[in-house]
Amino acid sequence: MPLDVEKFESEALVAIAEAKDRAALEEVENRLLGRKQGEFTLLMRGLSELAAPEKKSAGARLNELKGKLVEAVNQKRAALESAAWEQISETEKVDLTAPALPPRKSGHFHPSTLVQRDLENLFTSMGFAVLDGPEVESDYYNFSALNIPETHPARELQDTFYIKGHNNWVMRTHTSPMQVRAMQKYGAPLRVVVPGKCYRNEATDVRHEHTFYQFEGLVVDEGINFSHLKGVLEIVAKHLYGEKTEVRLRPKYYPFVEPGVNGEVTCFTCAGKGCRLCKNSGWLEVFGAGMVHPNVLIEGNIDPQKYTGFAFGFGLTRLVMLKYGIDDVRLLESGNMKFLEQF
Ligand code: PHE
């Protein structure tokens, strides 16, 4: 028996050490230490044949041996695992010969968004808040609250889309409805800009589109006068088109301002000399503006005796077309990737 144990031990340790992989090791482990038919178990069974004093010392020896074998199997398993991992790292984990993935295309902002953000930054730097408004707007805010009563012919200039079954709701024709909404919500004093989508029932062509963007501004405070309006508009014009840009204001009728103006800036391609872009006039029309009509202040619950204000509305889409030299407004809403990828 003692001899058998020695032999068993050395053979067992060699078998463990020589296991090539985890499957082989498992096999050896089962063969040696398997609960029912393992060789070690059989050895243990042999104990019963021994006389009492021998049995005791042999039992102790076998217990010690079992610990040794279990330990050897565990160590071998750990060694095989780390070897397997290292092997993966060289062959599969990083395959330096694999062809590179194509670079991912990253998206970018729409040109209208670029100009909108540029103006938002300019105006927030002057203390204006940026507001959003509903694109489906009530007849009241889009027209009536802006001093355009139901029967007024000015409505015809801004024909739009009416919501089926809801005749008092329209796709807003301008961002101006937010003037009265802002006044009602925040009261005076007020300094806000409102960029956003607008809609009109247009027979579309290179200059007309049913969907376009405006950029509205509104200031209400005590003592606001026309020079404040002109000052702000000049800042915007110079910011957009350079220091030498001038602003020209000419009277124009908008029901919600009094006096109202049509605003032009010096043509930036010909510096005012006259070219194709400005149709030889030297000026580009880019906004409407004026002093807020007292009726509009009243709709906004603001006392026209105490407060005055000015408002302006830039044709944001027009600014975008001028900035990037886009000659067909319909491209902007077309979703045409060939067009959009240029920006
Ligand atoms: N809402 C006007 C338009 O769409 C522009 C405008 C805004 C004019 C504010 C005056 C004051 O044509």
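Note: the structure precedes this text.
Residues numbered from 1 in each chain as written. Predicted model: local features only at pLDDT ≥ 70, side-chain atom pairs only at ≥ 80, totals over all residues. Heavy atoms only, no water.

Student: Got a minute to help me understand the site of the ligand in this structure?
Tutor: Around the ligand, a shell composed of 15 residues is seen, among which His174, Ser176, Arg200, Gln214 and Gly313 lie nearest. In the model, a nitrogen atom of the ligand is placed 2.8 Å from a nitrogen or oxygen of the Ser176 side chain. When the ligand sits alone it has 320 Å² of accessible area, and the protein chains cover 93% of it. Mapped onto the shell around the ligand, the elements with two or more residues apiece are strand 6 (211-221), strand 9 (283-292) and strand 10 (308-314). Across the shell around the ligand, the residue classes tally to six nonpolar, seven polar and two charged. (Near = heavy atom within 4 Å. Polar contact = N/O pair within 3.5 Å; in protein donor to acceptor, adjacent residues only side chain to side chain. Areas by Shrake-Rupley, 256 points an atom, 1.4 Å probe, with all protein chains shown as cover. Helix = DSSP H or I, 4+ residues; strand = E, 2+ residues; numbered from the N terminus. Nonpolar A, V, L, I, M, F, W, Y, C, P; charged D, E, K, R; others polar.)

Student: Would you mind showing me how to read the packing of aromatic side chains here?
Tutor: Two measures describe an aromatic ring pair: the distance that separates the ring centres and the angle between the ring planes. Inspection of the entire model under this criterion finds 11 aromatic pairs. Taking 5.0 Å as the distance between ring centres and 80 degrees as the angle between the ring planes, the aromatic pair formed by Tyr324 and Phe343 counts as edge-to-face. With Tyr324 in helix 11 (residues 316-324) and Phe343 in the segment after helix 12 (337-340), this pair connects stretches of sequence that are 19 residues apart. Under the relative-accessibility criterion, Phe343 is labelled partly exposed at 25%. Between Phe339 and Phe343, the ring centres sit 5.1 Å apart and the planes meet at 70 degrees, which makes this aromatic pair edge-to-face. Exposure remark for Phe339: the relative accessible area of 6% places this residue in the buried category. Taken together, Phe123, Phe128, Phe215, Phe287, Phe310, Phe312 and Phe314 form an aromatic cluster joined through their ring pairs. Looking at Arg117, its charged tip hangs above the ring of Phe109, at a distance of 4.3 Å from the centre. We note Arg181 situated over the ring of Tyr141; from NZ or CZ to the ring centre the distance is 4.1 Å. (Phe/Tyr/Trp six-rings, centres within 6.5 Å; stacked < 30°, edge-to-face > 60°. Buried < 20%, exposed > 50% of the residue type's maximum accessible area, 1.4 Å probe, protein only. Lys NZ or Arg CZ within 6 Å of the ring centre and 35° of its normal.)

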